[in-house]
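Structural features, examined
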Amino acid sequence: GGSVPVDYGIENHGTMMVGILAANGHVKGAAVGVEVSVAAVLGTGSEGGNTGEEGMVAAAIDWCWESQNVDIISLSLGGEQTESGEGLTNEAVQRAINAGVYVIAAAGNDGDTDDDGLVAAPSNEPLAISVGATSKGGMIWEGSSMGSQVHGTDERQHPNQKPEILAPGEGIISTGSDQAYYRSTGTSDSTVFVSGALALIISAHPELKPSQAKLMR
């Protein structure tokens, strides 16, 4: 409800993600003109930085579909999977999907030597769309996470292969603070490109909204 721009996280993470989606100036977003509701959760917790408290992230997910009536929830964030593969954010994603909302979430950035063989939560949720990152040449970015949907399993076969889709994520230029532009790399960026593409698709074909499909059935 505020009228003054604010970014609680470090390095303008949230501002950059919104710019990748909807900027309409020197840099053009993936879906210019899309209606955007922003829930600021990173950098608002006790640890600061770009971290977020899981309960607050879950509450923000609920707010998106309960109060804002969104078609897509774009999550440029992620955490470690629990032993059960569940958690507060996973449960919130399940509620959103059950309400007929697309949930797009970052696969994670531990794909290099630190790869634990798991995508980040809540992108591990079965019907969430987990997004990995590509480099400038179109190859998989070395830091992009991939792995099993459920903690402790090695199966990556359809429909449980994670991530389901890749998008550009290396050296992405977007909006920052003080009318400056910043460069970013990671699956957070990739997630927004996929969300923007999906927004364009369902704008042209509203019958593809999960909520509409339920009504049609």
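The following refers to the structure shown. (Residues numbered from 1 in each chain as written. Predicted model: local features only at pLDDT ≥ 70, side-chain atom pairs only at ≥ 80, totals over all residues. Heavy atoms only, no water.)

Closest axis-to-axis distance for the helix 1 (residues 13–22)/helix 4 (residues 187–204) pair is 8 Å, and the angle between their directions is 30°. Regarding the angle of helix 1 to helix 4, the classification is roughly parallel. The two elements helix 1 and helix 4 cross, and the hand of that crossing is right-handed. Residue-level contacts link His13, Met17, Ile20 and Leu21 of helix 1 to Ser188, Asp189, Val192, Phe193, Ser195 and Gly196 of helix 4. Considered class by class, the residues forming the contact of helix 1 with helix 4 number five nonpolar, four polar and one charged. (Axes fitted to C-alpha atoms, helices over the stretch in contact; angles between N-to-C directions. Helix = DSSP H or I, 4+ residues; strand = E, 2+ residues; numbered from the N terminus. Parallel < 35°, antiparallel > 145°, perpendicular 65-115°, else oblique. Left-handed = near helix turned anticlockwise from the far one by under 90°. Contact = heavy atoms within 4.5 Å. Nonpolar A, V, L, I, M, F, W, Y, C, P; charged D, E, K, R; others polar.)

Our focus in this paragraph is the pattern of salt bridges. Pairing is possible between side chains that carry opposite charge, provided their charged atoms lie close to one another. A complete count under the given rule lists three salt bridges for this structure. Across the pair Arg95 and Asp62 runs a salt bridge whose closest N-O atoms are separated by 2.9 Å. Pair noted here: Arg95 is in helix 3 (residues 88–98) and Asp62 is in helix 2 (residues 54–66), with a separation of 33 residues, a long-range link. A relative accessible area of 14% places Asp62 in the buried class. When the shortest N-O distance is used, the salt bridge between Lys209 and Asp71 registers 3.5 Å. Of the two residues, Lys209 sits in the loop between helix 4 and helix 5 (210–216) while Asp71 sits in the loop between helix 2 and strand 1 (72–75), which places them 138 residues apart along the sequence. (Salt bridge = Lys/Arg side-chain N within 4 Å of Asp/Glu carboxyl O. Buried < 20%, exposed > 50% of the residue type's maximum accessible area, 1.4 Å probe, protein only.)

A surface patch of negative charge is lined by Glu80, Asp112, Asp114, Asp115, Asp116 and Glu142. Within the secondary structure, Asp114 is located in the loop between strand 2 (102–106) and strand 3 (129–134). On the accessibility criterion, Asp114 (61% relative accessible area) is exposed. (Patch = residues over 30% accessible without salt bridge, like charges linked within 9 Å, V, L, I, M, F, W, Y side chains within 5 Å. Areas by Shrake-Rupley, 256 points an atom, 1.4 Å probe, with all protein chains shown as cover. Lys, Arg positive; Asp, Glu negative; His and termini not counted. Charge placed at Lys NZ, Arg CZ, Asp CG, Glu CD.)

Attention now moves to the sheet that holds strand 2. The strand order across the open sheet formed by four strands is 1-2-3-4, and the pairing between neighbours is parallel. Each having just a single partner strand, strand 1 and strand 4 (165–168) make up the two edges of the open sheet. In this sheet, neighbouring strand axes are inclined to one another by 30° on average, regardless of whether the strands run parallel or antiparallel. Sheet topology note: the strand 3/strand 4 ladder contains four bridges and is parallel. Paired with Gly132 across the two strands is Leu166, which belongs to strand 4. (Pairing = 2+ DSSP bridges.)

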